[in-house]
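# Structure at a glance
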Amino acid sequence: MRRTLSVLLTMLLTCATLVTPARATDSREVTYDRYSLMVDGRRVVLQAAEFHYFRLPSPRLWRDVLEKFKAAGFNAVSLYFSWAYHSPKSGVYDFTGVRDVDRLLRMASEAGLYVIARPGPYINAESSGGGLPAWVKTVPGRARSSESGYQAAYREWLHHINPIIARHQITEGGPVILYNAENEYQVNTDAAYMQDIQDQARADGIDVPITTNDCCDGGSWSSTWATGPGAVQIPGIDDYPQSFECANPGLWGPWGEGLTERLRDDIPVFAAEYQAGAIDVGNAGYDKCRELTGPAFMKYFYKNNLVTTGATMFSYYMGYGGTNWGWLAQPNDVYTSYDYGAPITEARRLTPKYDEFKRQGYFLQAVTPLAKTDPIAAPPVDNPALTTVARANPDTGTQFVLVKHADRAATSTDAATLDWAGHRVPVQVKGRDAHVLVAGYDLGGQRLTLSTSEIMTHAAIGGRDVAVLYGTSGSPGATLLRYGSEPRVTVLDGRVTSTYSGGDLRLDYTHDGLARLLVTGGGRRPLLLLIGTDAEAASFWRTDTASGPVLVRGTDLVRAASVNHGTMRLTADVAAAGEVEVFAPPAAHRLRIGGDDVRVTRTSSGSLLGSTRPPGPAPLPALTGWRAHAESPEAQPGFDDSRWTVADRTTTTSPHPPKTLPVLYADDYGYHYGNVWYRGHFTATGAETTIDLNAITGLRGNYLVWLNGRYLGSAVGGVQADSGDQWTPPNPDPGPGHFAIPSGLLKPGADNVIAVLVANMGHNDDWIADDLRFKQPRGLVGASVGGTPITWRIQGAAGVDPVRGGLNNGGLYGERTGWHLPTYPDKSWRLQSANPAATPLTPGVTWYRTSFRLDLPENRDVPVGLRFGGEPSPAYRVQIFLNGWNVGQYGGDIGPQKDFSLPAGLLTEHGTNTLALAVTAEQPVPAGPGPISLFAYGNVRVD
């Protein structure tokens, strides 16, 4: 039986703990007040990272990403659910295989993560149509509104996805803690629509709090609908202060201070989407995006948000970006990779951004008074270059002081003395950095008076407290601990001086390497204090066992740990040989990592110290034995198009009227994704001189034209800007192409055939809830040959792939006849000894295929990629198929990407794989793409 939700506005708790999701089947209650969420009355600081399962169509790798979130200190994952991914047409829904979200939600629970469920209906996410299925473009009624046609469509989706989410709620023993209605819905808003989404959710069994995310630090609809129809229980704010200018990573907060505002007095401050990367709008490459939003940005803006506004609910976009495989991407801002400059790369490698998330995440886990704070007067500093902001927990008195530069864009390093709690202590802050310092805190069995080092984590291990503090390399630090009598201080490693006066033990030091000291006596249990730099702190992992918490230093990841019969067992990732140190209960005197027994010694710190074994080599084969075959038979006049769809419509639901009739919009005929072929038949008079076409393809799209089998050329298709919007009328001449008819090519009085191949690059999002933008057509929008009547037929994808789904394939001949599939018999194709780069290309489509065998070592994570050498040419574009999966697009007009991820699951790691390339050239090219090779993003033992 579900428990009733209640909003506790004045609950005062003397003990605040950060709660981990239950893995049992017992139900739990979610409540909240102005400070934080609560689960069964215990406060939760929610720290989530965004993950798009639909951008990693390999369920076996979902667990890897979720475990890496957990290992970084996140206690939640935010999940968009993509309507388009599950519904290829109205009334058809698929939640099997790579779309099994039941399995995904179980995995999240098993990983110990809460879930923020975000089913839209609109999600944006730089995905085609913003996650709205393309078939919705043909539905009457404005999208993202309460108009009846769209309402029937979105209710259909919600009544499929909501029951799945409902059975995985915390109130049912699952991980779902929040339900997010819609997404960034603040322009042209419809309160009835927002209310209906919530009503449908409640009717379908959703009983956790409902939230939403308002865009761009605006609070626009939230303030308007604070209590009326459409208002959610916990509205949140999206903040992207660093912009998306990846080509200029030196920028600093060009889009604002990034402070998440409090929207109502009865709810927590919720940073519903906080920037953790960027889309690569300038084609600078995602490494530049990672630099733009790197650790310095994270330290300053995230900590500023934590202390200045008192936020206790965070969701960072993205934690892991993934891949725009197939036709998943919207055409305007992204290419195949959706790496996003995230802390975990597209190939699932960890970055320095991951380290910073871990430092902050462990702090939020350990220092639980953060869940309930009020602003207080901040202690002063004697250097005006620096400034302080402070908060305190009203129940425990614990203080949190943010020390930062007064000028947030400052790049200098400045030192000062902080006058705090009756003590004068040194602080030093680098430009574009910030420190959260703690005072008046019960650090386990210790009493921390204050510290100018930051707390990473602490734990009670083996009858003593073990704490990890850290600071900027080379900066001074001071830590004061309260004792009833003078304790004994033993410096085990490093240089630390100590003095005892007035009940406080003062430790002074410089952050350099890893200092270790043991404090005993003084009326408290022993304390092992580990004081390091940022880098040293990042080398620690914390995990829980049935015997209590464990700290591990070294290894590249710790996924799980257990203690059994004196043996400490770790499930960990190891990329190279190195030290591994474990702080575990004294009963553990042996160490085993995966299947390896590690020889260890007991250190003066009481830890177990050993060495890890590096992974062995994992060689990859060369790609040889390529076979080639030209296609595009559709361009030839004798091609039989009698089974194609007749394009004869004279009306459309699109708000964009066609330039000529009949309506030739691909979506109107059920062809929504990828390439579309048109064949137009006309009886020539002999006076025709040009073929005049218009096509809308989205950014990076084009179209190729033939007449009676002769290639006439190509043109660039219309883009989103041609759609107009509520303020600007549509472009009346989008994507124009004018093709002269060569002398002697026409057959007067006979049938002549125009063939057009249109590359549909995806559908516009609907960010401003405007059908002119969302329902902009794709394909031909106008066609004429001097006024001569033309009859048209159209052909797109042959159907929905039952395994890969409707986003995988378009309408190339090879796709319709299975040339991309591993089972296709290609022995009759022309054999080439070299890469496709050795072969000239003619206009049209040429396919290349080869196979290779892998036998990667067991218990090894070797992410494999496909690399194109040389520079991408704007004269051709390549669709890349791995074992039938369309894993990406390459070309000079597509983006800067040369490396393409081949994720395990799609890639057969023990057996034969087939690569197929569909190369569409718009002009003669002396050489094809390449040279092409396999490479490894990394090589990690996973034990």
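Structure first, text after, so check above.
Because the structure is predicted, anything quoted here is derived from the model rather than measured. (Residues numbered from 1 in each chain as written. Predicted model: local features only at pLDDT ≥ 70, side-chain atom pairs only at ≥ 80, totals over all residues. Heavy atoms only, no water.)

### Here we look at the packing of helix 3 (residues 101–110) against helix 4 (residues 148–166)
Under the convention used in this document: Note on geometry: axes are lines fitted to C-alpha atoms, helical ones only across the stretch in contact, with angles between N-to-C directions running from 0 to 180 degrees. A helix here means a DSSP run of H or I that spans at least four residues, while a strand means a run of E at least two residues long, and both kinds are numbered starting from the N terminus. Here the angle decides the label: under 35 degrees means roughly parallel, over 145 means roughly antiparallel, 65 to 115 means roughly perpendicular, and every other value means oblique. Crossing handedness follows the turn of the near helix against the far one: under a right angle anticlockwise gives a left-handed crossing, and clockwise gives a right-handed one. We call two residues in contact whenever any of their non-hydrogen atoms come within 4.5 Å of each other. Just so you know the grouping, Ala, Val, Leu, Ile, Met, Phe, Trp, Tyr, Cys and Pro go in nonpolar, Asp, Glu, Lys and Arg go in charged, and all remaining residues, Gly too, go in polar.
Relative orientation of the contacting elements helix 3 and helix 4 amounts to 25 degrees, with a least axis distance of 10 Å. By the angle between their axes, helix 3 is roughly parallel relative to helix 4. Helix-helix and strand crossings are classified by hand; for helix 3 and helix 4 the assignment is right-handed. Packed against helix 3, whose contacting residues are Val-101, Asp-102 and Leu-105, the element helix 4 presents Ile-161, Ile-164 and Ile-165 at the interface. When grouped by side-chain class, the residues that make up the contact of helix 3 with helix 4 number five nonpolar, no polar and one charged.

### Considerations on the pairing of strand 13 (residues 386–392)
Inclusion rule: Partly exposed residues are those whose accessible area sits between 20% and 50% of the maximum for their type, while under 20% is buried and over 50% is exposed, using a 1.4 Å probe and protein chains only. In this description, strands pair whenever DSSP reports at least two bridges between them.
Of all seven residues making up strand 13, five are buried, and the element is well covered by its neighbours. Pairing of strand 12 (residues 374–376) with strand 13, which is carried by three bridges, proceeds in the antiparallel orientation. Note that in strand 13 the partner of Ile-376 across the bridge is Ala-390. Bridge analysis of strand 13 against strand 14 (residues 399–405) gives seven bridges, and the strand direction is antiparallel. Within the sheet, the bridge partner assigned to Ala-390 lies in strand 14 and is Val-401. Linking two consecutive strands that pair antiparallel, namely strand 13 and strand 14, is a turn of six residues; a positive phi of about 80 degrees is found at Gly-397 within it.

### A few points about the packing of aromatic side chains
Using the following cut-off: Ring pairs shown here join Phe, Tyr and Trp side chains whose ring centres sit within 6.5 Å, with only the six-membered ring taken for Trp; geometry is labelled stacked below 30 degrees between planes, edge-to-face above 60, and tilted in between. Note on geometry: a ring has a charge over it if NZ (lysine) or CZ (arginine) is within 6 Å of the ring centre and within 35 degrees of the ring normal.
On inspection of all chains with the given rule, the structure shows 55 aromatic pairs. On the numbers, 5.5 Å between centres and 55 degrees between planes, the contact of Trp-252 with Phe-301 is tilted. Here Trp-252 is found in the loop between strand 9 (234–239) and strand 10 (270–275), whereas its partner Phe-301 is found in helix 8 (residues 295–308), with 49 residues between them in sequence. For the pair Trp-252 and Phe-301, one class covers both residues: buried. Note on Trp-677 and Trp-706: the rings are 5.4 Å apart at their centroids and 35 degrees apart in plane angle, and the pair reads as tilted. Of this pair, Trp-677 sits in strand 38 (residues 674–683) while Trp-706 sits in strand 40 (residues 702–707), and the two are 29 residues apart along the sequence. The two residues Trp-677 and Trp-706 agree in class, both being buried. Stacked on the ring of Tyr-80, the Lys or Arg Arg-118 has its end atom at 3.9 Å from the ring centre.

### What to know about the packing of helix 1 (residues 59–71) against helix 3
With their axes 10 Å apart at the nearest point, helix 1 and helix 3 run at an angle of 30 degrees to one another. As far as their axial angle goes, helix 3 and helix 1 are roughly parallel. Note on packing geometry: the crossing formed by helix 1 with helix 3 is right-handed. Residue-level inspection shows Pro-59, Trp-62, Arg-63 and Leu-66 of helix 1 in contact with helix 3, the latter providing Arg-103, Leu-104, Met-107, Ala-108 and Glu-110.

### Brief notes about the side chain of Lys-775
Defined as follows: Whenever a nitrogen or oxygen atom comes within 3.5 Å of another N or O atom, the pair is scored as a polar contact, on the condition that within protein one atom can donate a hydrogen and the other can accept it, and that pairs from neighbouring residues in sequence are kept only if both atoms are in side chains.
Its location among the elements puts Lys-775 in the loop between helix 11 (771–774) and strand 44 (779–784). Classification of Lys-775 as buried rests on a relative accessible area of 3%. At a separation of 3.0 Å, a polar atom in the side chain of Lys-775 contacts the main-chain carbonyl oxygen of Gly-141. When sequence neighbours within four positions are dropped, the list of residues in contact with Lys-775 reads Val-136, Lys-137, Val-139, Pro-140, Gly-141, Ser-654, Pro-655 and His-656.

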